[in-house]
Amino acid sequence: MPKTRFTQIGRAIPRREDRRLLTGNGRYVDDIEIPGALHACFVRSPHPHARIVRIDAKAALAMPGVAAVLTGADLAQWTTPLRVAPPIEGLHPVEMTTLPVDKVRFHGDPVACVIARDRYLAEDAAERVEVEYAPLPAVANADQALAEGTALVDESLPSNLVSEQRFSTGDVFARRREAHRVVESAFSQHRQTHLPIETRGCAALWDEGREHLTLHIGSQVPHPLRTQLAARMRLSESQVTISSLDVGGGFGQKIALYREELTVAAASRHLRRPVRWREDRMENLLAASHAREELCRTRAAVTDDGRLLGLELEILEDFGAYCFYPANYLARVVAMILTGPYKVSDYAFVVRVVLTNKCGSGPMRAPMSITSWVMEGTMDAIARELKLDPLEVRRRNMVAAAELPYTMPTGEVIADITPRETLEAAVTRVEYAQFRERQAAARREGRYLGLGLCSVVESTTYGSRFYKAAGIPGSGHEAAWVRIEPSGAVNASLGLGASGQGYETAFSQVVGEGLGVDPASVRIHLGNTDVAPYGMGSRGARGGTAGGATLFLCARDANEKMLAIAAKLLGFDSSEGLRMVEGKVVREVLGERIDTGISFAQLARTAYLDPTALPAGMAPGLDFSRTYDPPPMTYSNAAHVCEVELDVETGAVRILRYVVAEDCGTVLSPVVVEGQQHGAVAMGLSGALLEHMLYDEAAQNITGSLADYLVATATDLPRFEILPMHTPSRGNPVGTKGMAEGGVMGAIGAISNAVNDALAPFGVVAERQPLSPDYLRSLLRGKTP
Amino acid sequence: MDTVDFELSVNGERHAVRAEPRKLLTDVLREDCRLTGTHVGCEHGVCGACTVLVDGRPARACLLYAVQMRGHEITTIEAIAKDGVLSPLQQALHEVHGLQCGFCTAGIVMTFEAYLKENPRPTEEEIRDVLSGNLCRCTGYQNIVEAVLKVVHA
Amino acid sequence: MKPAPFRYHSPGTLDEALALLAEHGAGAKVLAGGQSLGPMMNMRLAQPDALVDINAIAGLDYVREHEKTIEIGALTRHHAIATSPLVRAACPLLAEAARQIGHYAIRQRGTIGGSLAHADPAAQFPLACATLGAEITAAGAGRTRTIAASEFFLSLMSTALEPEEIIVSVTLPKAPTSEGQAYVQFSRRRGDFAIVALAATVRPDAGGHIDQVRLGVGGATDRPMVLAELADCTRGEKADSGWAARLAKAAYDAVAPIDTPRVPAEFRRELVHVLTRRVLVTALERARR
Ligand SMILES: Cc1cc2nc3c(=O)[nH]c(=O)nc-3n(C[C@H](O)[C@H](O)[C@H](O)COP(=O)(O)OP(=O)(O)OC[C@H]3O[C@@H](n4cnc5c(N)ncnc54)[C@H](O)[C@@H]3O)c2cc1C
Ligand code: FES
Ligand code: FES
């Protein structure tokens, strides 16, 4: 980290991308005009599991305006299957074709694609495609998946258990034996979906003359997507351009190359016509990507004063029917970072992942979201069991500043984090002791208040080693370029894919900082693979940390060269003492700044148009590129406190107060960071209270509309009180830590713990989400305080 | 299927449209009038992204057939900033970071442009109540509420 | 999610509209606010051959006061009903229910006629109208008839209306000053259809005893249920919270709610119990004011 204080980084500048978005001038995929484009509509399986006996498209093809009806057999000629087979012990390799050829595996599985003049006609035609199915027994949940003699979701596998990993360090059995008490808890999270308000969609243009494919799509990861798309279409990476302009939210749903998009691209090439597809909401709910359906159990060996001796974790995840990612990818992070801020050295886990006849799972904002609930719920369970104060139990186990860096039992190293400080700040803010008094008074009146604590240690900016171990095609590094044009205009780019994070603002501040110019003169170009350098995209809360650091370093390279030119022009031997400040070269002498009269623009002109004036041996131009590989993992941390009132008669939960103390290091843009904190907490609360992707016992999806999939609205959410803290990460050139997922983790845990606190007088514990009124009533029924 | 010809008045401009009667107002605005600021998030009335004004009143454009709009005046997000100057609500949303991905924003602006005419001094509770008809997955709503309050207290 | 093709008609008069319906028979549908029909057609759950849009028909959008009743035109929007000073004074329950329908933009388009014809068992207007003893006036080719709300709702989304009939108005009794009215609903979020909703009117006599009670339950079964007999049985009881609790328990015992994958019957029954008590207490309080 540079010792100088930042002047641009950390400034609260309103976002630069706002204007176009506020005035209706954004360019989301579906806004891009493509003359002559045909529209795709997918025929989807009404069955959770069935053999495809026959597909008859005659009636559909006979309709004027219908260009084609494509099936799995067609696509198999034009594309290669997806094989997910990283060398990970306990993980079975799997493969899927572009569209199913022999059988469908979930309700909503695409079986054919109609291409027609417009979407209306395409839907008419899709209704006329006759598919004959032979239904198979369906696997509706994880228990069924593991049952003896059950149907196989993927017939190439020996069982539905697609992945199983075990880990143990220390001696958890010994710890159990010596424990004063062994506390067991369960945490069951339900199936959810990302629900970006802009659904998926794409437009593919095949240029037959140049043999080039352009795919307009909203993507978080343009380059990795290009690699996959090119490979699966048997094209070279130089034959494919991905263009992703404005993206209406991603949250992890816009990472994978899905079957629909590949089909549309292949259709465009086959038909030599532009083809576009805009997913409708029903498709998005049924068939885009789901997440989070997992059951965790913990067993904590504790002393009589609540100290953790040993911890065991079991995870069973329902991954759905298809693996777009290695099946162990999401759950393994939970197991890896479970212990968070707590000190324990004896730890063991088993992670099992099963396939079921439901939509496939993928990472959703905080793929490890359940972690903090599991750990903090375990802390509460210990407090309940030992009749201790939950805050006190946390204090007794939490790592202190002097003990950092601390190595978790899994080998993960946490450093530069502040769990005690954030926890104390948050409980002070809510006046914890007074709350307990108010709570007691309310109970006497028959009102049930609850307060939930949740400390979060958020894994961010997953490093290259993580990706390699996880078997994800990708890495942790990022790439950037900065180009100062002859006029002094600054262009810059990096390989991230924006979907609302305000990159154009935050990164112009980073470049402005590095160059010593006004951020307003910097333009950030994102999302086009022909323009941007090959980067790893936006996932795993890495944008600010990996992206910001790369860009900063790149801008510093540029700054260095420009100051060297300035030194030459000034007749100095070296650029020592020279600095670029607000676009002017100044000389610092004994703390005084003296204007040299040389401007940024003048240096740019010289670099391009007067190379003879450059220092000897210096190449002309101002064109810089750079990559940067961050440390294996960067941790940020937070403490969440949630206060609720539970109406015990109806089971309704009302959030009265929500406080977050979060430490995410150096902040690039406080405006953007606060927005991310709100959004993440909102997503966590919404998921824990309302959202539920529900399948019935026959594995039929019964959540086909937004009247069924309930997302929190403005009346469901509280005002968030944020206490920002900034302990810089020493592992990062700028000092940033990732963020934007931890809010989800904290919210899930804080709300659950708060509800359980409110339920406490009745002697019941909610072990399941969503914390719906009918579930809470089912716990309360027949119970008295 | 048979198309019909009709005239549509959008943001004070007349558009000659030829479309099937079933063509939704969202699609006619976006495709025929080339006004893509009105977004589509669900096509069943829930998300509010497609909200436009019909004769000054907010309406879900995904639940209207364009052909129904003969003789009515439609206002979309494209008409809210005047001569390049953002409306007070747009300006406030910008200043307090009331939008992230921006996909929901047009619907929210349209809803409140109308609502604040009817009730220029709403409480936070009333604002949240009206805002509950628009889904936003990014912001947690707080800064949107803040922006409306800023306009109300200006 | 695009509607299947249909023919579109926008008649300027009620007679033309009725003639079109008669001509198309069961294949045609009336289009009012489109806030229920629109989603169903976009999802292709409804695929009518023809739509008869009644929005251009003048004279269907009004609230009128008569001596003992108020009359509301079928095309009156939810928002107009919720904010009408006349409805709020004469029929507060209806206005209170209207305010809770969906969201602001939905209430600008949705109509009372459409809501009654759609007959969602959890909807506000069917419950309010059934509880208040409203009368629904429907026009058919050549005749106009009046149907009591209690006989109008047959089952889930099915009514006594003939395919070629159009609802033209609803007539509701004005509340006497001694009467308190209340509507409460329980839904997961603001603006969602109720899981259970309760509507009540309470008229205590001068001595503080129950003179008249009307009690309706929505969302629990396939149509709004009016618990007339249960309520009548309590006539003469002392109007207090004990009475409310007893009647609530009686309602809990009497209603056998539907069981759905998301909402188990037992939970609905508990809500009937709790909300009945709450709605009665609120209505009683209002009667005393
Ligand atoms: C997001 C959302 C939330 C909603 N939430 C609620 C809610 O909480 N509570 C609630 O009650 N409703 C809710 N609704 C539905 C809304 O109230 C509708 O407006 C109402 O149900 C139907 O009225 P409409 O005028 O829109 O009728 P339309 O949708 O036009 O028609 C509905 C049906 O009634 C028939 N019809 C319409 N008018 C007449 C007439 N005059 N004579 C004969 N038949 C006629 C039509 O043919 C059709 O079958 C919601 C809708 C949406 C989109
Ligand atoms: S698209 Fe119209 S309300 Fe969602
Ligand atoms: S800003 Fe993204 S949905 Fe609202």
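Bear in mind the structure is a predicted one, so any value in this text is a computation, not a measurement.

**Looking at the overall build of chain C**
- Secondary structure assignment for chain C yields 12 helices and 14 strands.
- Counting across all 289 residues of chain C, residues that qualify as buried make up 58%.
- In chain C, 63% of the contacts between residues at least 6 apart in sequence involve partners at least 24 apart.
- Of the accessible surface of chain C, which amounts to about 10,800 Å², a share of 51% is contributed by carbon and sulfur atoms.
- Distance from the positive charge centre (32 side chains) to the negative charge centre (30 side chains) of chain C: 7 Å.

**Thoughts on the pattern of salt bridges**
All names here are of chain A.
- The tally for this structure, following the rule as stated, stands at 95 salt bridges over all chains.
- The closest approach of N and O atoms between Arg119 and Glu283, which form a salt bridge, is 3.3 Å. Here Arg119 is found in helix α4 (residues 119-128), whereas its partner Glu283 is found in helix α9 (residues 281-288), with 164 residues between them in sequence.
- Across the salt bridge formed by Glu445 and Arg447, the nearest N and O atoms sit 3.8 Å from each other.
- Accessibility expressed as a relative area gives 35% for Arg447, which makes it partly exposed.

**Things to note about the domain arrangement of chain B**
Residues and elements named next belong to chain B.
- According to the domain assignment, chain B contains domain 1 (4-79) and domain 2 (88-152).
- Measuring from the centre of the C-alpha atoms in domain 1 to the corresponding centre in domain 2 gives 21 Å.
- Every contact between the two is made by 18 residues of domain 1 and, on the other side, 13 residues of domain 2.
- Remark: the boundary between domain 1 and domain 2 carries one salt bridge.
- Run the count over domain 1 and domain 2 and you get five residue pairs in polar contact (both at pLDDT 80 or more).
- The set of elements that each furnish at least two residues to the side of domain 1 that touches domain 2 consists of β3 (51-54) and β4 (57-60).
- Taken together, the residues of the side of domain 1 that touches domain 2 break down into eight nonpolar, eight polar and two charged.

**Things to note about the sheet that holds strand β28 (residues 592-599) of chain A**
Residues and elements named next belong to chain A.
- Strand order in the open sheet made by the three strands is β26-β27-β28, with antiparallel pairing throughout. Lying at the two open borders of the sheet, with one neighbouring strand each, are β26 (578-581) and β28. Across the sheet, the mean angle from the axis of one strand to that of its neighbour is 35°, orientation sign disregarded.
- Contacts from helix α17 (residues 543-570) reach β26, β27 (584-589) and β28 within the one sheet, and its direction differs from that of β26 by about 115°.

**Notes on the site of ligand 1**
- Near ligand 1 there are 34 residues, and of these Val30(C), Ser36(C), Leu37(C), Thr111(C) and Gln124(C) occur at the shortest range.
- Of the chains in the model, those with residues near ligand 1 are chains B and C.
- The contact in question runs from an oxygen atom of ligand 1 to an N or O atom on the backbone of Val30(C), over 2.5 Å.
- His78(C) places a side-chain nitrogen or oxygen 2.9 Å from an oxygen atom of ligand 1.
- Look at ligand 1: alone it shows 950 Å² of surface, and the protein chains cover 94% of it.
- Mapped by element, the contributors of at least two residues to the shell around ligand 1 are β2 (28-31), α7 (112-118) and β10 (166-173) of chain C.
- Taken together, the residues of the shell around ligand 1 sort by class into 16 nonpolar, 15 polar and three charged.

**Regarding the interface of chain B and chain C**
- Each partner contributes residues to the interface: chain B has 32 residues there, and chain C has 29 residues.
- Summing both sides of the interface, chain B and chain C together bury roughly 2,500 Å²; the carbon and sulfur share of this comes to 58%.
- It is Arg22(B), Leu63(B) and Tyr65(B) in chain B that bury the most area against chain C; as a group they hold 25% of the surface buried on that side.
- Here chain B is connected to chain C by three salt bridges.
- Linking Asp129(B) and Arg190(C) is a salt bridge whose minimum nitrogen-to-oxygen distance equals 2.5 Å.
- Our enumeration of links across chain B and chain C arrives at 12 residue pairs in polar contact (both at pLDDT 80 or more).
- Among the elements of the structure, β3, β4, α3 (105-118) and α4 (124-131) of chain B are those that each provide at least two residues to the side of chain B that touches chain C.
- The residue inventory of the side of chain B that touches chain C, partitioned by class, reads 16 nonpolar, seven polar and nine charged.

Thresholds applied
Residues numbered from 1 in each chain as written. Chains lettered and ligands numbered in written order. Predicted model: local features only at pLDDT ≥ 70, side-chain atom pairs only at ≥ 80, totals over all residues. Heavy atoms only, no water. Helix = DSSP H or I, 4+ residues; strand = E, 2+ residues; numbered from the N terminus. Buried < 20%, exposed > 50% of the residue type's maximum accessible area, 1.4 Å probe, protein only. Contact = heavy atoms within 4.5 Å. Areas by Shrake-Rupley, 256 points an atom, 1.4 Å probe, with all protein chains shown as cover. Lys, Arg positive; Asp, Glu negative; His and termini not counted. Charge placed at Lys NZ, Arg CZ, Asp CG, Glu CD. Salt bridge = Lys/Arg side-chain N within 4 Å of Asp/Glu carboxyl O. Domains from an automatic or database assignment. Polar contact = N/O pair within 3.5 Å; in protein donor to acceptor, adjacent residues only side chain to side chain. Nonpolar A, V, L, I, M, F, W, Y, C, P; charged D, E, K, R; others polar. Pairing = 2+ DSSP bridges. Axes fitted to C-alpha atoms, helices over the stretch in contact; angles between N-to-C directions. Near = heavy atom within 4 Å. Buried area = accessible area lost by both parts, 1.4 Å probe.

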